[in-house]
Amino acid sequence: MKGKSVYVAGHRGMVGGALLRRLAQEDAKLVTTSRSEVDLCNQAAVFDWFAKTRPQVIFLAAAKVGGIVANNTLRAEFIYDNIAIAANVIHAAHLNGAEKLMFLGSSCIYPKLAAQPLREDSMLTGPLEPTNEPYAIAKIAGIKMAEAYRSQYGSDFVSVMPTNLYGPGDNYHPEYSHVVAALIRRFHEAKLSGAANVVVWGTGTPRREFLYVDDMADACVHLMKTYSSAELVNVGTGEDITIAEFARVVAAAVGYRGEISFDTSRPDGTPRKLLDISRLDKLGWRAKTSLEDGIRRAYTAYLAESQAKGLSQPHA
Ligand SMILES: NC(=O)C1=CN([C@@H]2O[C@H](COP(=O)(O)OP(=O)(O)OC[C@H]3O[C@@H](n4cnc5c(N)ncnc54)[C@H](OP(=O)(O)O)[C@@H]3O)[C@@H](O)[C@H]2O)C=CC1
Ligand SMILES: C[C@H]1O[C@H](OP(=O)(O)OP(=O)(O)OC[C@H]2O[C@@H](n3cnc4c(=O)[nH]c(N)nc43)[C@H](O)[C@@H]2O)[C@@H](O)[C@@H](O)C1=O
């Protein structure tokens, strides 16, 4: 990456923001463009911008992203936007001679009931989790594009599969966020209002693996520098926790001392989604941030971000 022009697609998002923080340590020329300048779903706009800019290295971290309810409700947007973004950016990278591209998939691409921990070769071996099937199909299309351009044109395009991510820059929408941001906000607001009970969605029994977003960015940069193959690489911590246990971790970090109950009318989603990280381990990378530390940092970031937006703050 030294001295190269490096494009982070999705730089205003959670992962894109973490990539910019991490790439500031590299001797690279960073290139970004916002959605108002280039809508990545618009093929002509993407092709024009690539022809003018010709980035050499690309992190494709732009996508339509959200938690279980967003995925399950905005099903058309999740499949259309994510197929369009992947198709436009990957093809434009090819047309303009990009040297390397990293596509960010998701642990959602693995079959709902695949053996745990989820190995990279379990993709396309069984039915997907219905709540996020449109998103997963679009992500699988992106992976298959990267693979096809490598096999037909020799393009150095790689795909990484992040587990559930969290940290600064997350989306705190009450319905459409992922569980980490949702619970940070809900426990914080309950602490402020003195509420006796906080409701957590589902049964509390699903298990999830959580990776702090700055660790994700570090893994992406490590793999961008050292990895070149058609094989996917899972990026996670190798450890998971039930949603009920996780809710207690968040409550402790926020300082909420009331009760926690479960709304079983809300979807659980995949029962378990633990990544097999042995390939990543062999490639010389391990996560550094513990869940407790990461959640404390994410809560600090939430307070700073909500203060910047003029939202509710803790009592002194
Ligand atoms: N968050 C998670 O838990 C996980 C994320 N991933 C993947 O990691 C990547 C990054 O996710 P994350 O950072 O969390 O998502 P965010 O929603 O935080 O960021 C997505 C970024 O993509 C941009 N974007 C979306 N659509 C368009 C468009 N049509 N044109 C231009 N820009 C667009 C957004 O722009 P704008 O700021 O204008 O909205 C935003 O900057 C994605 O590929 C996601 O699928 C994978 C697994 C887990
Ligand atoms: C990263 C991954 O994220 C999505 O999949 P998911 O893992 O199911 O994501 P989630 O964070 O929304 O939920 C995790 C678990 O947590 C429970 N849960 C409890 N209480 C709340 C809650 O308040 N909000 C949310 N969202 N979930 C809650 C919820 O019921 C579920 O059991 C994909 O659609 C896809 O986008 C993708 O790539």
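Each remark here, short or long, concerns the structure printed above.
The notes below deal with the structure included here. Just so we're clear, the structure is a prediction, and the values are computed from it rather than from any experiment. (Residues numbered from 1 in each chain as written. Chains lettered and ligands numbered in written order. Predicted model: local features only at pLDDT ≥ 70, side-chain atom pairs only at ≥ 80, totals over all residues. Heavy atoms only, no water.)

Applying the stated criterion across every chain yields a total of 20 salt bridges. Its salt-bridge partner being glutamate 231, residue arginine 279 comes within 3.4 Å of it at the nearest N-O pair. With arginine 279 in helix α9 (residues 278-282) and glutamate 231 in the loop between α7 (213-226) and β10 (233-235), this residue pair connects regions lying 48 residues apart in the sequence. Residue arginine 279 is classed as partly exposed on the basis of its relative accessible area of 26%. (Salt bridge = Lys/Arg side-chain N within 4 Å of Asp/Glu carboxyl O. Helix = DSSP H or I, 4+ residues; strand = E, 2+ residues; numbered from the N terminus. Buried < 20%, exposed > 50% of the residue type's maximum accessible area, 1.4 Å probe, protein only.)

Let us look at the pairing of strand β1 (residues 5-9). Burial analysis of β1 places five of its five residues in the buried class, which makes it a mostly covered element. Every second residue of β1 is oriented toward a common face, with Ser5, Tyr7 and Ala9 on one face and Val6 and Val8 on the other, all of them buried. Judged from the three bridges that link them, β1 and strand β2 (residues 29-31) form a sheet pairing that is parallel. Bridge pairing links serine 5 to lysine 29 in β2. (Pairing = 2+ DSSP bridges.)

Taken together, 22 residues lie around ligand 2, and Ile68, Arg186, Arg208, Pro267 and Asp268 are the ones closest in. The side chain of asparagine 71 places a nitrogen or oxygen atom 2.9 Å from an oxygen atom of ligand 2. Tryptophan 201 has a polar backbone atom sitting 3.0 Å from a nitrogen atom of ligand 2. In isolation ligand 2 has 690 Å² of accessible area, and contact with the protein removes 98% of it. (Near = heavy atom within 4 Å. Polar contact = N/O pair within 3.5 Å; in protein donor to acceptor, adjacent residues only side chain to side chain. Areas by Shrake-Rupley, 256 points an atom, 1.4 Å probe, with all protein chains shown as cover.)

The values are spatial; any link to function lies outside them.
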